[in-house]
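# Residue-level structure breakdown
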Amino acid sequence: MAKGIYVSATTPGSGKSLVALGLADTLHRHADRIGFFKPVVHGPDAAADPMVALMKSRFALEDERCRGGLTYTEVRNLLAEGNRAEIDARCVEIFADISRHCDVVIVEGTDLVGQDSAVEFDLNARLANNLATPVVAVVGAKGLTVAEAAAAVEVARKELAAERCTLLAILVNRADPEDVEGIAAEVKPGASKRPVYVLPELEEIARPTTGEVATALGVRQIAGRRDMERDVKDIKVAAMNVGNFLNVLDDGALVIVPGDRADVMVACLAASFSPEFPVASALILTGGLAPDANIYPLLAQAPFPVFAAKEDTYTTARRVSEVRSEIWSGHRRKVASALGLWSRRVDETELVERLHLPRAERMTPLRFLHDLIERARSQRRHVVLPEGTDVRILRAAEILHRRDVCDLTVLGPEPDVRELASANGIDLTGINIVDPATSDLRQKFAEKYAELRAHKGVDLAKALEIMQDVSYFGTMMVQLGVVDGMVSGAAHTTAHTIRPALEFVKTRPGVKIVSSVFLMLMPDRVLVYGDCAVNPDPNVEQLADIALASAETAEQFGVEPRVAMLSYSTGGSGSGEAVDEVRQATELVRQRRPDLAVEGPIQYDAAVDASIAQSKMPGSSVAGQATVFIFPDLNTGNNTYKAVQQSSGAVAVGPVLQGLRKPVNDLSRGCTVEDIVNTVAITAIQAQAPAS
């Protein structure tokens, strides 16, 4: 039977879903198979609960490991009939089914809402006992003083003890940010002497999004961009003339306006295209009034969604003000903020110690990607993103900041960057923006570049011009230690991205070539492929360099290196110039790293399949269990990684550049926001290594 953890609210509005999400993120990296169970859901269909859906998508959980139980209506009816035993029996049965497929199951209790909160508390306590799960109690501190929050913790302890529940941990959530430390100091230690974690209320989590408002009101979108993740920072009812209205319009405000007020609509649209004015998060046109037909083509260009509501302006404004934001909405920015808050305020190692979980045996793709974020956080570094006028870069920067992964600097003309961010509902608070053309650093950087490239005839005037290029400016930030690493390539070629690094960052001592690897995330392990992106036709020494650098990269990311030097021949079965070069490169690797497990020449099938390895290369410590694959040329490597990616469903992370003294990494111009986030995390981890 799997170990279960019951997340139970002890006060209404505690925000326990954030705790359930944070626990899942933590446990996913410490157990092979996690599950999620919500015994009581408030919607009409237990299988369609939004928190269940979020957990499924976020952690790639199959239906058998992630389920809802009974609907709230079913539970109320059974309670009214005095049939509590049926509730318990059905929940225990579902929990047992989930447990068969899991090492640990997170159980999220009910919400404690309205007049039934006492009944729900009793229900949660009884279910926790019947499921034999220890309780993580969540105390909501919203609106409470320091003394009241501390008292609420004591009440929770006593009530759970009275119900004979096993208390694993207590967290205080949604505290006033100014009271967090006061509450932590005021709360008395419990019997276990373990800490009580205190989490503040975060505006970016508490604010509803345009999608949440639209869903809650049941309004339909009639124009504008379909952007349901924009934060609604304020509500403005347009009941004044345009001049006065623009004076009170705030960035991110949701504007509620009668459907016949074309003047306000046009003013909001015009404001969104001017860097001098704020940008609304959305428009709601009220009263069931259709805008003039001539207005629709203009509204179609809006960078925010435009909705139509049948209710009058007053009713619509009241309903919007009542919309609550929920973690389970699944918006990635909100989830990023929640996980960033969790990582800052909760000692993951200490919490996991309480659970005595079995050690995870498999490295899945999702766990590897989650580990990247945690490892990047562990030693905070500073990464520069030169392409600040690419919206994907700005979206990734916002998520990285919300998840508290690393410090960030974005390059580009600040008005242009902020205008692009505002038009797309992106919050760049806490992210440094630098314009190379106007930065005070440009003169210093140009002087250093002229010094380093004097042998190429570069004088100060030429260097000043070159330092307006974001790739050169960003790379010089890395070179001089202003930042720790750089990620670029979303809008630039690979050559443009790495040329500055080759000019003056240079390779590490003993390394003669810059190369790359892809981290291939297979269903149950991580493999390293090199070089698949940079060097077309490496010679013997370069091939050895690539192998050694790839082994180091593997070690850096937790992969035990067993290096296969690939060829069309295995061992001594074949000959020819290409095979001989691989054989010579293998010997060079052995000479330079006698401790490294390396085999070559070897064919791919013999490198990965134990049965084939037994017949082709028996007794080898690499054959059949290789983790690092070195391809003889770019043609072979690039085609192979793409073939494996497409045919096996593997996730290819990279290319990760290696061999440079300081980390600079390239992106594909077709990269996604998630690709950028992962590459920045990799760069931050590379920057944690001692400087060469």
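- An unreviewed UniProt entry lists the chain under the name Phosphate acetyltransferase, from Pseudarthrobacter phenanthrenivorans.
- One UniProt comment on the chain, placed under Catalytic activity (unreviewed entry), says "acetyl-CoA + phosphate = acetyl phosphate + CoA".

## Examining the domain arrangement of the chain
- Examined at the domain level, the chain breaks down into domain 1 (3-203 + 329-355), domain 2 (210-324), domain 3 (374-505) and domain 4 (515-659).
- Here the C-alpha centre of domain 4 lies 56 Å away from the C-alpha centre of domain 2.

## Digging into unusual backbone geometry
- In the segment running from G600 into P601, the intervening peptide bond is cis, with an omega of -5°.
- Following the sequence through the fold, P601 ends up in strand β20 (residues 597-602).
- Look at R174: it is not a glycine, yet its phi comes out positive at around 65°.
- Here the phi dihedral of D404 falls at roughly 60°; this positive angle occurs in a residue that is not glycine.
- In this fold, D404 is placed in the loop between α17 (391-402) and β14 (407-411).
- The class for D404 is buried, based on a relative accessible area of 17%.

## Some details on helix α28 (residues 673-687)
- In this model, α28 (15 residues) spans 21 Å end to end at C-alpha, consistent with the 21 Å of a helix rising 1.5 Å per residue.
- When you tally the buried positions in α28, you get 13 out of 15 residues, the bulk of the element.

## With respect to the pairing of β20
- Of all six residues in β20, six are buried, a share of seventy percent or more.
- As paired elements, strand β19 (residues 562-566) and β20 share four bridges and run parallel to each other. Counted as the bridge partner of V563 is V598 from β20.

## With respect to the sheet that holds strand β4 (residues 104-108)
- Within the open sheet, the seven strands sit side by side as β3-β2-β4-β1-β5-β6-β7. Their pairing is parallel. Looking at the sheet topology across the chains shown, the edges are occupied by β3 (66-71) and β7 (197-200). Between one strand axis and the next, the sheet turns by 20° as a mean value, whatever way the strands run.
- Relative to β3, strand β2 (residues 34-41) runs parallel, the two being bridged by five bridges. For F37, the partnering residue across the bridge sits in β3 and is R67.
- Together, β6 (167-175) and β7 form the strand contacts of helix α14 (residues 332-345), whose direction differs from that of β7 by roughly 145°.

## Structural notes on the pattern of salt bridges
- Scanning all chains against the criterion turns up 52 salt bridges.
- Here D122 and R84 are joined by a salt bridge, their closest N and O atoms 2.7 Å apart. On the criterion of sequence distance, the pair formed by D122 in helix α5 (residues 117-130) and R84 in helix α4 (residues 84-99) is long-range, its members being 38 residues apart.
- A salt bridge links E599 to R590; the nearest nitrogen and oxygen atoms lie 3.2 Å apart.

## Here we look at the pairing of β14
- Of all five residues making up β14, four are buried, and the element is well covered by its neighbours.
- Relative to β14, strand β13 (residues 382-385) runs parallel, the two being bridged by four bridges. In the strand pairing of β14, L385 is matched with V410.
- Sheet analysis places β14 next to strand β15 (residues 432-434), joined by three bridges and oriented parallel. Opposite V410, over in β15, you have I433 as the bridge partner.

## A word on the sheet that holds β15
- One open sheet holds the five strands; their spatial order is β15-β14-β13-β16-β23, and the pairing between them is parallel. The strands lining the two open edges of the sheet, one partner per strand, are β15 and β23 (664-666). With strand direction ignored, the average angle separating the axes of adjacent strands in the sheet is 25°.
- Packing of helix α22 (residues 494-505) onto the sheet brings it into contact with β16 (485-488) and β23, and relative to β23 it is tilted by some 170°.

## So, the UniProt feature "domain: DRTGG" (unreviewed entry) in the chain
- The UniProt entry lists residues 212-322 under the feature "domain: DRTGG" (unreviewed entry), expressed in the numbering used here.
- Annotated as 33% helix and 22% strand, the span residues 212-322 places its first and last C-alpha atoms 11 Å apart.

## A closer look at the packing of aromatic side chains
- Under the definition given, this model contains eight aromatic pairs.
- Seen in terms of ring centroids, F518 and Y641 are 3.9 Å apart; in terms of plane orientation they differ by 15°. Their pairing is stacked. Placement of the pair is F518 in strand β17 (residues 515-521) and Y641 in helix α27 (residues 634-648), with a sequence separation of 123 residues.
- Y641 sits in the buried class, given a relative accessible area of 10%.
- Pairing Y604 with F629 gives two aromatic rings, centres 5.0 Å apart and planes at 25°, and the pair type is stacked. Of this pair, Y604 sits in helix α25 (residues 604-608) while F629 sits in strand β21 (residues 628-630); the two residues are 25 residues apart in sequence, bridging distant segments of the chain.
- Overall, the relative accessible area of 27% leaves Y604 in the partly exposed class.
- Members of the aromatic cluster, joined through ring pairs, are Y529, Y604, F629 and F631.

Thresholds applied
- For every chain, the first residue of the written sequence is number 1, and numbering continues from 1 along that sequence.
- Totals for whole chains, interfaces and linings use every residue, but because this is a predicted model, local features are given only for residues with pLDDT of at least 70 and side-chain atom pairs only at 80 or more, for both listing and counting.
- With hydrogens and water excluded, all non-hydrogen atoms of the structure serve as input to the side-chain values.
- UniProt positions are given in the numbering used here, feature names are shortened, and annotations may be inferred rather than shown by experiment.
- Marked domain ranges trace back to an automatic or database domain assignment.
- Every helix listed is a DSSP run of H or I at least four residues long, and every strand listed is a run of E at least two residues long, numbered separately from the N terminus.
- Only protein chains enter the accessibility calculation, which uses a 1.4 Å probe. A residue is then buried if its area is under 20% of the maximum for its type, exposed if over 50%, and partly exposed in between.
- Any helix carries an expected span of 1.5 Å times its number of residues minus one.
- Strand pairing follows a simple DSSP-based rule, namely that at least 2 bridges must link the two strands.
- Note on geometry: axes are lines fitted to C-alpha atoms, helical ones only across the stretch in contact, with angles between N-to-C directions running from 0 to 180 degrees.
- Whether two residues are in contact is decided by their heavy atoms, any of which lying within 4.5 Å being enough.
- Any Lys or Arg side-chain nitrogen found within 4 Å of a carboxyl oxygen on Asp or Glu counts as a salt bridge.
- Each pair of aromatic rings taken from Phe, Tyr and Trp, with Trp reduced to its six-membered ring, is defined by centres within 6.5 Å and is described as stacked if the planes are under 30 degrees apart, edge-to-face if over 60, and tilted in the remaining cases.

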